[in-house]
Amino acid sequence: MSSQILNDRFEELCAAYVLGVAEKAEIEELKKELESRDPDKLARLSEMHRTAQHLPLFAPTLDASDQVLPKVLESIKSIKREKQPIPISSTSDSKKSGSEASAPSTQTPSWLRAAAVLLMVSTLILAYLATNLNQEVDTLETVVENQRLELMNLQQRVEVAERYLDVISGRNSYFVGMDGLDPSPGGFGRIFFNPETQAALLQINGLPVNPSDKDYQLWVIRDGVPISAGIFSVADPDSSQYFELPRFVDSDLAQVDAVAVTLEPEGGMPQPTGDMFLLGTPSS
Amino acid sequence: MFIILAILKKLTANTEREAQLISKISKEDEAALSELYQLYQRLLFSLCYSILKNKEDAEEVLQEVFIQVWEKAPYYNRDKGTPYAWLTTMTRNRCIDRIRSKAYKKSQITDHDDNDVILPFIVSNEHDPFSATLAQERTSMVQKVLNLIPDEQRDVLTFAYFEGYSQSEISDKTGIPLGTVKSRMRQGLLKLQQLLEGREDSI
């Protein structure tokens, strides 16, 4: 792989990460890239991070109503932080009893010196423990953040799966199958269609990964005329990939002549020009 | 270009003062919280509104953010980021969490148009002349910068940052291949970086 492609890939990972949309595998990949502590890579990630931090400035300028701040101030009154100031009792209390009250005021008693040393040692120990605790809190916050990202990722997957299920499980849903042709005889595809919601879903399996300068293009052929139904990429030839077809071109898939998938230049073509990989008809 | 740099500088010049305010908030200083709120409410509310597209929800999240500031101030670590970065990240995360929650989705009567990703630019009714000028200049700056980012790159950035969509979701929703989404996201961010660094002479 050329260094330019590797460079672009690294920048894609950085962009996804700083925008908060990187998936777990991408975060891992980015971590591996940064393991070498390459100053140039670290600088580029840092620069992208700084750039992304400007994005809030792109929001339309609006003011919150005057009621928000009073509500905030009211709410925080009920919040008591765990840490409380340590009460320090006064040593000049004139109402002390017994030997304490009669001790000479010009010389520090030995028990007080010992207590001071003990207090100092305790303070040092507490400071050490607090530092460790802070580090632990930092680590736990990182873990929580990673888990939050993972949860978001899972929620996204569930939502996508629910949408797929809606297409497949409709009362009158049906699908048109496509078989692999010469370039990829082991491949197959299906277009699921829900006539009630007009939603369509494409399943692809066994197609080779498309070159970076090409996309697969889905065609619906009606009255002998091919109409583009969208472009897609294949990342993993060994497992099924699903694509929603939000702007499906035909309101009745059962009435078309055929459906097909060809390999076209990146971005797709108005008419098919490349090799045909899949072909199917509603009646087959 | 000078206006852009000057406004960015103005918006980031108060880091020291803001860090002091957070330090005071960590000692339960309500006045410091009020001051930080006044400094940031416009920016954070604008961000909330852009993501949530609903005034009541945006105000609710803004309120939650400042309560969180009160609670988390003792743990704020300046080495990990500026107050600006801390506050905007916290705000965006809360907004994205909210739009991802099912309850929130169900409460939305109508869905926004997925294809309409061009942000509306609204100038608020300012009373402070300086703030009004700053807001107008910021709006103008944003429009200038955004207009220089190609539409397809800007749409992908907006989908990701202000809509909270993952790259796969953007690909699913728009029908654009995943590889193209990734590529446009990278190009858009680099273009923005280039514009903000002032390397673009045409601004």
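Asks: Quick question: what am I supposed to make of unusual backbone geometry here?
Replies: The phi torsion of most residues other than glycine is negative, and most of the peptide bonds are trans. Notably, Asp-223 of chain A is not glycine yet its phi reads approximately 50 degrees, a positive angle. Along the chain, Asp-223 of chain A turns up in the loop between strand E4 (214–222) and strand E5 (225–232). Judged by relative accessible area, Asp-223 of chain A falls into the exposed class, the value being 67%. The residue Glu-28 of chain B is not glycine, and still its phi comes out positive at about 65 degrees. Following the sequence through the fold, Glu-28 of chain B ends up in the loop between helix H2 (15–26) and helix H3 (30–52).

Asks: Even after reading the chapter, I still don't get the sheet that holds strand E1 (residues 174–180) of chain A, so can you show me in this structure?
Replies: Sheet strands associate in pairs through backbone hydrogen bonding, adopting either a parallel or an antiparallel arrangement. Residue and element names in this part refer to chain A. With respect to topology, eight strands assemble into an open sheet ordered E5-E4-E7-E8-E1-E2-E3-E6, the strand pairing being antiparallel. The outermost strands of the open sheet, each flanked by one partner alone, are E5 and strand E6 (241–244). For this sheet, the mean inter-axis angle between neighbouring strands, taken without regard to orientation, is 25 degrees. Pairing analysis gives two bridges linking E1 to strand E8 (residues 276–280), with the strands arranged antiparallel. Residue Asp-179 lies in a different strand from E8, and its bridge partner there is Leu-279.

Asks: Quick question: what am I supposed to make of helix H6 (residues 110–168) of chain A here?
Replies: In an α-helix, one turn spans 3.6 residues; hence positions three or four apart end up facing the same way. Between its first and last C-alpha, H6 of chain A extends 85 Å over 59 residues, near the 87 Å set by a 1.5 Å rise per residue. Residues of H6 of chain A that are buried include every one of Arg-148, Leu-149, Met-152, Asn-153, Gln-156, Glu-159, Val-160, Tyr-164 and Val-167 of chain A, and no others.

Asks: Could you clarify how one ought to interpret the interface of chain B and chain A in this entry?
Replies: Many authors give the size of an interface as the accessible area that is lost as the parts come together. Across the boundary between the two partners, chain B contributes 79 residues, which contact 59 residues of chain A. Of the roughly 6400 Å² buried where chain B meets chain A, counting both sides, 57% is carbon and sulfur surface. When the area that chain B buries against chain A is broken down by residue, the three leading residues are Asp-172, Arg-186 and Leu-189 of chain B, summing to 10%. The interface formed by chain B and chain A holds six salt bridges in total. Close ionic contact of Lys-77 of chain A with Glu-30 of chain B constitutes a salt bridge, the shortest N to O distance being 3.4 Å. Linking chain B to chain A there are 14 residue pairs in polar contact (both at pLDDT 80 or more). Residue contributions to the side of chain B that touches chain A peak at 13 residues, all from H3 of chain B.

Asks: Just checking my understanding: could you explain the pattern of salt bridges for this structure?
Replies: Any two side chains of opposite charge can pair, on the condition that their charged atoms come close. In the structure shown here, the tally under the stated rule is 22 salt bridges over all chains. In this structure, the salt-bridge partner of Glu-163 of chain B is Lys-53 of chain B, at a minimum N-O distance of 3.1 Å. One end of the pair, Glu-163 of chain B, is in helix H8 (residues 151–163); the other, Lys-53 of chain B, is in the loop between H3 and helix H4 (55–72), with 110 residues separating them in the sequence. Given a relative accessible area of 8%, Glu-163 of chain B falls into the buried group. Relative accessible area serves as the criterion here: at 38%, Lys-53 of chain B is assigned to the partly exposed category. Arg-94 of chain B is the salt-bridge partner of Glu-64 of chain B, the closest N and O atoms lying 3.0 Å from each other. Taken together, the positions of Glu-64 of chain B in helix H4 and Arg-94 of chain B in helix H5 (residues 83–100) put the pair 30 residues apart, joining distant regions of the chain. Among the residues examined, Arg-94 of chain B registers a relative accessible area of 29% and is labelled partly exposed. Here the salt bridges share partners, and the residues they tie into one network are Asp-8, Glu-11, Asp-40 and Arg-44 of chain A together with Arg-186 of chain B.

Rules used in this analysis
Residues numbered from 1 in each chain as written. Chains lettered and ligands numbered in written order. Predicted model: local features only at pLDDT ≥ 70, side-chain atom pairs only at ≥ 80, totals over all residues. Heavy atoms only, no water. Helix = DSSP H or I, 4+ residues; strand = E, 2+ residues; numbered from the N terminus. Buried < 20%, exposed > 50% of the residue type's maximum accessible area, 1.4 Å probe, protein only. Pairing = 2+ DSSP bridges. Axes fitted to C-alpha atoms, helices over the stretch in contact; angles between N-to-C directions. Expected span 1.5 Å × (residues − 1). Contact = heavy atoms within 4.5 Å. Buried area = accessible area lost by both parts, 1.4 Å probe. Salt bridge = Lys/Arg side-chain N within 4 Å of Asp/Glu carboxyl O. Polar contact = N/O pair within 3.5 Å; in protein donor to acceptor, adjacent residues only side chain to side chain.

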